[in-house]
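Topology and contacts: notes
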Amino acid sequence: MPVQRPARPKLFVTRRLPDATESRMNELFEAVLRDQDTPLSREEMVAGLHDCDVFVPTVTDEIDADLIAAAGDRVKLIANFGVGVDHIDLAAAHARGIPVTNTPGVLTDDTADMTMALLLATVRRMRVGEASLRDGSWSGWAPTSLRGTRIGGKSLGIVGMGRIGRAVALRARTFGMKVHYHNRHRLPDTVEGQLGATWWDDLDAMLPEVDIVSIHCPLTPETDGLFDATRLARLREHVYLINTARGEIVDEAALAAALESGKLAGAGLDVFADEPNVPDALKALDSVTLLPHMGSATFEGRQQMGEKVITNIRAWSDGHRPPDQVLEGWA
Ligand code: DGY
């Protein structure tokens, strides 16, 4: 028997969303939308939580246990615009009986494409080459200038073989790379065969075997600081590290030190521990390509994320379990 829920729930949306998403939300719901696109203060979020049935945050909103405790009784669903939910205290939400939904699947290919772009930009030194054109220092083609590293034949170590990790593996294989992966669970033989991927139960055993590492695991208490100084030291000399997952998975100071010492050849980073702040030590290095968390930033992907948010809210308001309800221990 479906549960009785508001047919036209009141939404509180923390950031500007694509026009098509906002228009459809206005048609279907009583939507409180933002005019400005800036992160809200905690006080503004508490006020929003008090006065809505459904709260629609993004990765830029820290929804911790204190915020949930201060939320009042009205809010009944948190419908996140994004796939990662590390910014939401799931246990605290569930303890209050508030389900949390996310938007998996629709940003997989875009994020995998961006991972390959970042990987190529880093190992082929595109940032340095581009800068030399813009600052006028390029004096023409030369046999020894601007050499990078060929990726064909190199070993890629993928950390986290969920949807995005697998999409990266597929692309990497097409580029002629050998794919290794570390994941809690081994993929079925058929999928491993299609990707030509080798599973490593032990991350520390895989790391000394690869030329490039690409991080695709979620941020959890277990992966927070996973790439610390000790783990970076397990890599061979002149390896590259790519991160399009979450900044906190890498100890940024340890990474900068490994790059400065020449132990690591380079890094491609789309995510940072304290966004939008990026450590000066990383900005100072030519061997690092830095992007502003834009892995999922396509018109198509962001619109589909909005459609998922709406579908989840509709299913919930109809008294059903939303299709993308996140369980505790989701990672
Ligand atoms: C997500 O959805 O978690 C991404 O990081 C936002 O692009």
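Residues numbered from 1 in each chain as written. Predicted model: local features only at pLDDT ≥ 70, side-chain atom pairs only at ≥ 80, totals over all residues. Heavy atoms only, no water.

Moving on, we get to the overall build of the protein. Helix and strand content of the protein: 13 helices and twelve strands. What you see for the protein is a C-alpha radius of gyration of 22 Å, in line with the 20 Å of a compact globule of 331 residues. When the 331 residues of the protein are sorted by exposure, 48% land in the buried category. Considering only intrachain contacts with a sequence separation of at least 6, the fraction spanning at least 24 residues in the protein is 61%. Here the protein displays about 15900 Å² of accessible surface, and carbon together with sulfur accounts for 52% of that area. Taken together, the 35 basic and 47 acidic charged side chains of the protein have centroids lying 6 Å from each other. (Helix = DSSP H or I, 4+ residues; strand = E, 2+ residues; numbered from the N terminus. Rg over C-alpha atoms; globule rule 2.2 N^0.38 Å. Buried < 20%, exposed > 50% of the residue type's maximum accessible area, 1.4 Å probe, protein only. Contact = heavy atoms within 4.5 Å. Areas by Shrake-Rupley, 256 points an atom, 1.4 Å probe, with all protein chains shown as cover. Lys, Arg positive; Asp, Glu negative; His and termini not counted. Charge placed at Lys NZ, Arg CZ, Asp CG, Glu CD.)

Another point: helix 6 (residues 126–134). Of all the positions in helix 6, only Val128, Gly129 and Ser132 are classed as buried. Buried residues of helix 6, viewed axially, fall in a sector of 100 degrees; they line one side. Residues of helix 6 that are exposed and point over 90 degrees away from its buried face: Leu133 and Arg134. Backbone geometry just downstream of helix 6 places Gly136 in the positive-phi region, at approximately 80 degrees. (Arc of directions from axis to C-beta.)

We now examine the domain arrangement of the protein. The domain architecture assigned to the protein consists of domain 1 (10–106 + 298–317) and domain 2 (108–290). Here the C-alpha centroids of domain 1 and domain 2 sit 31 Å apart. With eight residues of domain 1 in contact, the opposing surface of domain 2 contributes five residues. Together domain 1 and domain 2 conceal approximately 560 Å² of surface at their shared face, both sides included; 43% is due to carbon and sulfur atoms. (Domains from an automatic or database assignment. Buried area = accessible area lost by both parts, 1.4 Å probe.)

Residues Lys10 and Phe12 line one face of strand 1 (residues 10–13) and the alternating positions Leu11 and Val13 line the opposite face, and both faces are buried. Relative to strand 2 (residues 30–32), strand 1 runs parallel, the two sharing three bridges. The partner of Lys10 across the bridge, within strand 2, is Glu30. In the classification by handedness, the crossover that spans strand 1, the intervening helix 1 (residues 19–28) and the parallel strand 2 is right-handed. Examined bridge by bridge, strand 1 and strand 3 (residues 54–56) share three bridges and lie parallel to one another. Within strand 3, the position partnered with Phe12 by the bridge is Phe55. (Pairing = 2+ DSSP bridges. Right-handed = clockwise from strand over helix to strand, strands pointing away.)

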